[in-house]
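# Fold and geometry: a report
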Amino acid sequence: MRDEWFCEMKMNKKVMALMILAIIALAGLNMYGRRFGRDEGFGEKYESNCEDVSSSFILHPSSFKMAAPDSASEKSPTGSTTLQSDSADSNKQPAGPSTNSKTWREAEPSYRYSFPRDHASHPPYRIEWWYYTGNLETLDGRRFGYQLTFFRTGVAFEPANPSRWAVRDLFMAHFAISDIDGKEFHSFERINRAGIGWAGAETERYRVWNEDWEARLDGKDHLLKAFEGDYQLDLRLTPEKAEVIHGEDGVSRKGASAGNASHYYSITRLRTGGRLTVGKEVFDVEGASWMDHEFGTSFLEKGQVGWDWFSIQLDDGRDLMLFELRRADGSIDMHSSGTLIDAQGRATHIPSTEFSLTPARPWRSEASGASYPTLWQIEIPRYGLSLSVSAVFSNQELRTPDSTAVTYWEGSVTAEGTSKGSKVQGRGYLEMTGYAGRSMGAILGNDE
Amino acid sequence: MKTYFKLFRQFILRAIARDRARSVITVLGISLGVGVMLAIRLANATSLDAFRAATESIAGETSVQITGATGHFDEMMLSRMEWLRRYGQPSPVITGYARAESGEFLQVMGVDILRDRGLRRYRLLRLNADESEPTARRFLLLLTDPESIILTEKFARPRGLEIGSRISLTMGDARREFTVRGLLLDEGPARALDGNFALMDIAAAQWAFNRLGRLDRLDIKLAPGLDADQIEAEIAARLPAGLQVARPEEQYGQVERMIAAFHFNLNALGSIALLVGLFLIYNTVSISVITRREEVGTLRALGTSRSMVLALFLGEALLMAIIGAGVGIGLGRLMASAAVLATSTTVETFYIATVATESASRHSVGLLEVLLAFGVALPLALFAAAVPALEASRVRPVEAMRGAERLAESFKPSRKYLIVSAALFALGYALSRMDAMNGLPVPGYLAALALMFGGAFLAPNALWLACRASRKLAARSFRGLQVEGLLASANLGGAIPRVSISVAALAVSLGMMIAISIMIGSFRETVSYWVDQTLKADIYARPLVRTRATGEGDIAERSIAAIKADPDVAAIDSFTSHQAVYQGNPITMGAGDFDVLLAHGRLAFKSPADARSRLKQSIGRDAVVVSESFSLRFKKQPGDRVEMETEAGAREFEVAAVYYDYSNNRGIAVMDRATYERHFGRAQPGSLSIYLRPGADAEAVKERLARSIGSEHMLLFRTNASVRREVIRIFDSTFAITYALEAIAITVAGLGVLSTLIALILERRRELSVLNFLGATRGRIRRMIVIEAVLIGTVSQAIGILTGVMLSLVLAYVINVQSFGWTIQYHLPVAFLIQSSLLILAVTALAGLYPAARALKINALRFVREE
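What you see is a predicted model, and the numbers here were worked out from it, not measured in a lab.

Parameters at a glance
Residues numbered from 1 in each chain as written. Chains lettered and ligands numbered in written order. Predicted model: local features only at pLDDT ≥ 70, side-chain atom pairs only at ≥ 80, totals over all residues. Helix = DSSP H or I, 4+ residues; strand = E, 2+ residues; numbered from the N terminus. Buried ≥ 20, exposed ≤ 12 C-beta atoms within 10 Å, placed from the backbone. Contact = placed C-beta atoms within 7 Å. Pairing = 2+ DSSP bridges. Core = buried A, V, L, I, M, F, W, Y, C linked by C-beta atoms within 7 Å. Axes fitted to C-alpha atoms, helices over the stretch in contact; angles between N-to-C directions. Parallel < 35°, antiparallel > 145°, perpendicular 65-115°, else oblique. Left-handed = near helix turned anticlockwise from the far one by under 90°. Nonpolar A, V, L, I, M, F, W, Y, C, P; charged D, E, K, R; others polar. Arc of directions from axis to C-beta. pLDDT = per-residue confidence, 0-100.

Regarding its fold elements, chain B presents 30 helices and 21 strands. Looking at chain B as a whole, 52% of its 867 residues qualify as buried.

Laid out in structure tokens, this is it:
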């Protein structure tokens, strides 16, 4: 699979050039990273090893959104590589021993996960996000979808300024409720620096918060809270499957070079119960959620304009994650892939060659002018899966001018189809980006 | 109507044109009065508008502000105020001033742009048209580096600064280099201080201003639909101790109160000029009536009605008032800038100084000012002209034809005027015992007014006495002056009612001048004595730039250590202060080292008698020494208790002593440093008093300290002598405006004497002609008229000195105390009084020369023929 990858890579000179630069950058960072691992005692598990990187590669597209600050920092005032570095900066920096500067750590193979510690924050890495979506239902059958996402992006590795307000990380969060029966979508965003503790992510135990939005661990359960006026969420999530670690050897590769990667895992099914406040009404709800957590450094893929990402929980106990990356020329990037998790939690990688996605039923957003497909046909012949995924209602578009400045569609979907001939149903979430405004690639390439 | 204008043109306009000098003087008098009045009004409006605009543009959409007792507070208190979110997102703010190398000041605001964009509008200059407004995150990333700063386009453009330029700014005692990361368009806070505004990240601002861990305030924009008053009360009830909630407008109100007293004083002085202007109108119209008596008679004989005659002379007054007010508007506009400057230095609010002077030059005269100018000048002019105009209307046709033209009846000394005088003096005394109204010395000024009128009513009797005295004097004098003296005395004595008015006006002006001079003289004496007594340290140090308007602590520990290390330095008394609010009024809270003060320094205590031992006892206790102005304003005596807001909430302090202070009229409360730090937290000093070992050369030590500390920590060292010079200089410049007003008043009054004499001479044309015909030489006539002028001057000056001394007592002990709260050691400048008397005699003698020349031009033959 990896050979295939390289073959196709050659066809794209831009990607190739980027890869080479990334490799050079990585060489320096790699050496530094090892030093950091020892000096800071962040844990042996961060020690790198030089084993060959595996072919398995899963990328949660959301991380692309978060690549934005990386490139932003290229223009950021410091301009100092001692405080920060990103792919763009490292391009300018000659590769070589940079052991006297502290900087962000690259994701490297041989990362050994340890839970629950790894739910918590990983400050040596620049980008980190925690991502919850779920479909909920009241006792009398009223359906809701929700999304609660916390982002942490590093700005300055070690700010020179001793002030508490000095910005090491920026914390952003998105919160959305889809009132499926009411066909109403409510979304909110937050952006904060840590300051005196307005936002943050703890390192020892899992707790990430942005003002009064919070996700934390209580025993094995995940507790989610988000309050925004009349829209509130207070949920307890109990994992029904173990963490699925994407990629191989603890690292999920994003590009051709060894360092362009992240650490990425999911809990694909969490039994969920709690309370939702929607408008003036309060609902006791139950259902299933999906959690993703990824941390790593920057990864830029120029030429990619956006992606379509699916997380589907099937009624036969299996969970499916799929995404495709759309290129500027209209083609589908070969980095697209997926994972199928069986009822027992065993994961199988699905390369881009093994599935197809067919969009239909476009819906045009009045607010952004973007047109999103709201019906998708998924075909995975190898497993005999044929699913028709449709949005529970059309308008589930998030516009986040204040935090990530990205407009995207993230909403509840239902799936119907067959698995090796027998009927199968499911619910899930669909994320579609790059349909509005500047192309994702351009945004990633320039600041936002 | 048509006849009126025809008559007006022939009868009035022609006369005005013929007698240009007189007309010009009158118009000038009115325009000066109107000008001064407008200038003060404009200056007032300009200062306040500028401050309001600056406050508003800085406040943005802030509905309520939370501040600490010391003007700042521990940032960790925020974590106890999560509940604030219910009302709106709080945005923490750091503000301060920075000095560019050019010497210009910038207001620096440090904010968390992620939050603050909800409150204030920052629009960045975009280099490409297609660039969209930066997102909050991108904006933040522009600022996160500690050396990043965003300036306004208005500031950067003319100074050749652009994005990427380096700029060196002095903040407190440190100079720092910054890189310009963006330019703000002229909107929102960028408009404050006419573009002298800089935006920083809150972290960078904390670091640069040496305020790590502290916040100056929290600005909150309330969620829509919330009632600000109610929320303010709710927040106030829940705030942790040591924090206060206020509306941004309140800050403006405090400044308004601060300036109000000062401007009230200016306005009162300015109105004198207007009064003199009105006196001139009276005089001019009188002259007009006298000179045209025959013509009036002719008009009446030809059938012109009385009301028409009245209207003609009133029309003359109106015309002059209109022209005078018109010129006055322009004049006021010019004088406004000077007045603003005076206000700004007096109010000692740097904030206003910078803005107001900039905007004063651009401040235009609005419709309101025009209406005011005419609205004041025209009715008063009509009022002033009414007496002579009525007189003219009463001229009987036959009388005029016959040439009988005595306007003034002869005067018999009467008790009537003396009784009125005495009553007014008594009223003045009673008023001077009254308290200030709303902090404004209204009764004081009313007392001054009563005294002035009391003095004015002395004029007829005084003049009569003077004429008698001079007649006797002349009778006994040598031949050369005998006849002239006798004639002059008789002339004046025969025209007492008319001359009295001139004398009264002149006496009032002179009285004002004398009063103000006495007060300034006394004040200056007092201050220099005080400076002598209290300025004991050898060297004073303060940061080059005060980062806050109120002189917050800014001298770094390392600078103090370096000064202490100097072998010649014996002790340092450091002074820290912050602006506080006591009973709704801004005051200054300070901290000093009482030990050092007791050992080396000296404070001039007002009370109690054992102040020094009280001061010693107060160390370590919750006690304050307060300035005299504080004591007077808030009626606090030693032993009383005052409640002050501290970091931990309201605390009571005992007033240990009251000391004299002339540096601040808002009131100061000082406590020992240890006490201060216990209640307000640690604070770096804002100024140092350095005591040297005996025998050390202050100048040399100053040079050495400046060399060793100077360049890095921008401290300004001053020796004792130069501080004294500076104090007196500031003092003198503060009072410059009063001198200026004085000069105006005296000039206008001098013109008054001139026109009075002209009127008298015109009235006495026949007598003068006869004198001339009978062989009086030109020299004789000139001498006679000069003697008349000197007589007028003498009487005026005598009444002036009397009322002046009384006025000065009111100024020093009533008005000053009510508006500044300072004790003035009364000091009668005898030399000055003698000198000014001689000056007045000289000026009046000179003023007599022109009327004398006019008298000599009279066509004697014509009048004699008539006789």
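Here we come to the overall build of chain A. Summing up its helical and strand segments, chain A has six helices and 23 strands in all. Across the 448 residues of chain A, 55% fall into the buried class. When contacts within chain A are restricted to residue pairs at least 6 apart in sequence, those whose partners lie at least 24 apart make up 62%.

On to the pairing of strand S17 (residues 347–351) of chain A. All names here are of chain A. Of the pairings in the sheet, the one linking strand S16 (residues 337–341) to S17 comprises five bridges and is antiparallel in character. Bridging across to S17, Ile-341 finds its partner in Ala-347. Here S16 hands over to S17 after five residues, with Gly-345 in that stretch at a positive phi of 100°.

All names here are of chain B. Counting residues in each nonpolar core, the largest one holds 159 residues, and the members touching the most others are Ile-281, Ala-381 and Leu-463. Among the elements that line this core, the one with the most residues is helix H18 (residues 496–534), at 21 residues. Those residues in contact with Leu-463 that lie beyond four places of it in its chain are Leu-492, Ile-496, Val-499, Ser-500, Val-503 and Val-795.

Below, the discussion takes up the environment of Gln147(A). All names here are of chain A. With respect to the element layout, Gln-147 can be found in strand S2 (residues 143–154). On the basis of neighbour counts, which here come to 25 C-beta atoms within 10 Å, the residue Gln-147 falls in the buried class. Distance in space between the C-alpha atoms of Gln-147 and Glu-410 is 8.0 Å, their sequence separation being 263 residues. Residues within four places of Gln-147 in sequence aside, it is in contact with Thr-133, His-174, Ala-176 and Glu-410.

Take the packing of helix H16 (residues 459–476) of chain B against helix H28 (residues 778–819) of chain B next. Residues and elements named next belong to chain B. The N-to-C vectors of H16 and H28 enclose an angle of 130°; their axes lie 10 Å apart at closest approach. By the angle between their axes, H16 is oblique relative to H28. The handedness of the crossing between H16 and H28 comes out as right-handed. Together, Ala-459, Ala-462, Leu-463, Ala-466 and Ser-470 of H16 and Leu-791, Thr-794, Val-795, Ala-798 and Ile-799 of H28 make up the contact between the two elements. The residue inventory of the contact of H16 with H28, partitioned by class, reads eight nonpolar, two polar and no charged.

Residues that lie three or four places apart on an α-helix share one face, since the helix turns once every 3.6 residues. Residue and element names in this part refer to chain B. Listing the buried residues of helix H23 (residues 673–680) in full gives Arg-673, Thr-675, Tyr-676, His-679 and Phe-680. Take H23 and look down its axis: the buried residues cluster within an arc of 160°, on one side only. The elements touched by buried residues of H23 are strand S13 (569–582), strand S14 (585–592), strand S17 (641–646), strand S18 (649–659) and strand S19 (668–672). A positive phi of about 85° marks Gly-681, the residue just after H23.

Right, let's talk about unusual backbone geometry for a bit. Cis geometry marks the peptide bond from Phe115(A) to Pro116(A), where omega comes out at 10°. Looking at the secondary structure, you find Pro116(A) in the loop between helix H5 (87–92) and strand S1 (127–138). Here Ser607(B) and Pro608(B) are connected by a cis peptide whose omega angle stands at -10°. Locating Pro608(B) in the fold gives a position in the loop between strand S15 (605–607) and helix H21 (611–618). One non-glycine residue, Glu211(A), lies in the positive phi region at around 50°. Here Glu211(A) is to be found in the loop between strand S6 (207–210) and strand S7 (213–218).

Okay, the packing of helix H15 (residues 442–456) of chain B against H18(B) next. Residue and element names in this part refer to chain B. Relative orientation of the contacting elements H15 and H18 amounts to 140°, with a least axis distance of 9 Å. Between H15 and H18, the crossing angle belongs to the class labelled oblique. Both H15 and H18 take part in a crossing whose hand is right-handed. Here Met-452, Gly-455 and Ala-456 of H15 come into contact with H18, specifically with Ala-504, Ala-507, Val-508 and Gly-511. A breakdown of the residues in the contact of H15 with H18 according to their chemical character gives five nonpolar, two polar and no charged.

Residue and element names in this part refer to chain B. With 85% of its residues at a pLDDT of 70 or more, chain B has an overall mean of 80. Note that residues 345–354 has pLDDT below 50 and, in this model, 23 contacts with residues that lie over four places away or in other chains. Scored as a whole, the predicted complex attains pTM 0.69, and scored at its interfaces, ipTM 0.74.

This brings us to the pairing of strand S12 (residues 539–543) of chain B. All names here are of chain B. Where burial is concerned, most of S12 is hidden: four out of the five residues are buried. Where S12 meets strand S21 (residues 715–719), five bridges bridge the pair, whose relative direction is antiparallel. Bridged to Pro-543 within S21 is Leu-715.

Residue and element names in this part refer to chain B. Relative to the elements of secondary structure, Phe-605 occurs in strand S15. Owing to 20 C-beta atoms within 10 Å, Phe-605 belongs among the buried residues under this scheme. Linking Phe-605 and Glu-628, residues 23 residues apart in sequence, is a C-alpha distance of 8.9 Å. With near-sequence residues (within four places) excluded, Phe-605 lies in contact with Ala-611, Ala-657, Val-658 and Tyr-659.

Turning to the confidence of the model for chain A, a few remarks are in order. Residue and element names in this part refer to chain A. The share of residues in chain A with pLDDT of 70 or more is 71%, and the mean pLDDT across the chain is 76. Every residue in residues 1–101 is under pLDDT 50, and counting partners more than four places away or in other chains gives 195 contacts. Overall, residues 440–448 carries pLDDT values under 50, and its contacts beyond four positions in sequence, including any with other chains, amount to 32 contacts.

The buried fraction of helix H4 (residues 136–143) of chain B amounts to eight of the eight residues, a majority that puts the element mostly inside the structure. Here H4(B) has its buried residues at Ala136(B), Arg137(B), Arg138(B), Phe139(B), Leu140(B), Leu141(B), Leu142(B) and Leu143(B).

The next thing to look at is the environment of Leu235(A). The residue Leu235(A) is located in strand S9 (residues 231–239) in this model. As a C-alpha pair, Leu235(A) and Val285(A) span 50 residues in sequence and 8.6 Å in three-dimensional space.

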